[in-house]
Amino acid sequence: MNTPPSVSVVIGRVSTEDGDRILETLTSLSASKCEVVIADRLQDAISDRIRHEYPQAILVPCPASTSLPEMRTLAYEKSTGELVAVTEDHCVPCLGWIEIVQESFTEGDAQLVAVGGCVTNGVTGRGYDWATFLSEYSFFAPPVAEGPSEILPGMNIAYRRSALEQVPRELLTKGFWETTVHQPLMDDGGKFLSLNRLRMDHRKYFSVALSSKQRFLYSQYYSGIRFQDEPWWKRIAGAVACLALPPILFFRAFQSASSKGLKSEFAKATPGLFLLMIVWAIGECYGALAGPQRALEKIE
C-alpha cells in the first residue's frame, strides 16, 4: 500500500473581525496528521493563544503591509509537505479533509496538480450573513460540478508541491493564486479536480462596514490590474461600463443560488446583496480610473 503524501496547510492570518475563528480551524486540523504554517501580519493576543494552545502550528510573523498572496507564499516556502493545501483564517474544513486530499492525489495521475471542493456557509444568523456569503461564494456552494474542472475555490484547495515549484515566485506574490497561478499550471498540462466531499465551512461574521470595505478593495484591485496598462480613454470607458454591473451581478447571483437550492436564503440576502453589488461597481469604476494602488495589501 502506498504511503499517503504529506500535507502542509498554509494560512494567512489577516482577519481584523472575528479573528478567533482560526482557533476553530486549528482544532479541526488537529484531528489529522498535517503540518500547519500560518503567516501572521496581526501578531496580537490570538497569536499568543496559537503559540500556547497549538504549539505544533508554525507562525511566520509578517509586516502589517504584507499582502495575503505574499503571506501565502511565505507560508508555502516555510512548509515541507508534498501537498500544499490552502485555506483562510476563518474557514473550518470538514471531517477528514486532509485524508480526502491525500486520497485524491494518491488515486490521481501525475498530471493532477490541484484538488478543490465546495464551500458552505457557517454563519447564518442574519440575512446579511447570506449576502456576504452569496456575493463571494454562490458559485462554490454545494453541489459543485464533480470531476475535472478549471475553476476551484482559492480557500479550499490543495496543490502538488512539485507543480507550484515550477511557478515563478512573482506570480505567487502578484495576486490571488486562482487568477495568477491556475492558468500557468493548466498551460503546463496540469489537471484540476473538483470534489463535493471536500467541504470547507466559511465562518466569518462581517460587519456592514468591513464587508463593504473589503468588497470595494477586491473590486478596485481586479479592475485596477485589468486596466492599469490601458490608455486613458479605455480606462474611462471601462469605468463607465462598470455602472451596468449591479443588475448583472445580482442576476448571476440569483441564478447560482437558485441552482443550489438557496432561493429562500437569497431572498433574505437581497437588501445586503444590493448594497454589496453597488459597492462592487463603485470599486471597479475607481480601480479602472485610479489603478490598484495598495488595495491588495489591505484585503482580508
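These notes cover the structure that comes with them.

Looking at the pairing of strand 1 (residues 7-13)
Counting buried positions along strand 1 yields seven of seven residues, so the element is predominantly enclosed. Neither face of strand 1 is left uncovered, since the one carrying Val 7, Val 9, Ile 11 and Arg 13 and the one carrying Ser 8, Val 10 and Gly 12 both have all their residues buried. As judged from the six bridges shared by strand 1 and strand 4 (residues 83-88), these two strands associate in the parallel manner. Bridged to Val 10 within strand 4 is Val 86. In terms of strand pairing, strand 1 meets strand 2 (residues 35-40) through six bridges, oriented parallel. In the strand pairing of strand 2, Gly 12 is matched with Ala 39. Note on the crossover from strand 1 through helix 1 (residues 21-29) to strand 2: the handedness is right-handed.

Considering the side chain of Asp 201
Of note, Asp 201 is situated in strand 9 (residues 191-202). The exposure class assigned to Asp 201 is buried, which follows from its relative accessible area of 16%. Among the polar contacts made by the side chain of Asp 201, one reaches the side chain of Thr 120 at a distance of 2.7 Å. Residues within four places of Asp 201 in sequence aside, it is in contact with His 90, Cys 91, Val 92, Thr 120, Asn 121 and Gly 122.

As for helix 2 (residues 45-53)
What helix 2 keeps buried is the set Ile 46, Ser 47 and Ile 50. The buried residues of helix 2 occupy an angular sector of 105° when projected down its axis, which confines them to one face. Exposed and oriented more than 90 degrees from the buried face of helix 2 are Ala 45 and His 52. On its buried side, helix 2 packs onto strand 1, helix 1, strand 2 and strand 3 (58-61). For helix 2, the N-terminal cap is Asp 44; the gap from its side-chain oxygen to the backbone nitrogen of Ile 46 is 3.1 Å.

Conventions we followed
- Residues numbered from 1 in each chain as written.
- Predicted model: local features only at pLDDT ≥ 70, side-chain atom pairs only at ≥ 80, totals over all residues.
- Heavy atoms only, no water.
- Buried < 20%, exposed > 50% of the residue type's maximum accessible area, 1.4 Å probe, protein only.
- Helix = DSSP H or I, 4+ residues; strand = E, 2+ residues; numbered from the N terminus.
- Pairing = 2+ DSSP bridges.
- Right-handed = clockwise from strand over helix to strand, strands pointing away.
- Polar contact = N/O pair within 3.5 Å; in protein donor to acceptor, adjacent residues only side chain to side chain.
- Contact = heavy atoms within 4.5 Å.
- Arc of directions from axis to C-beta.

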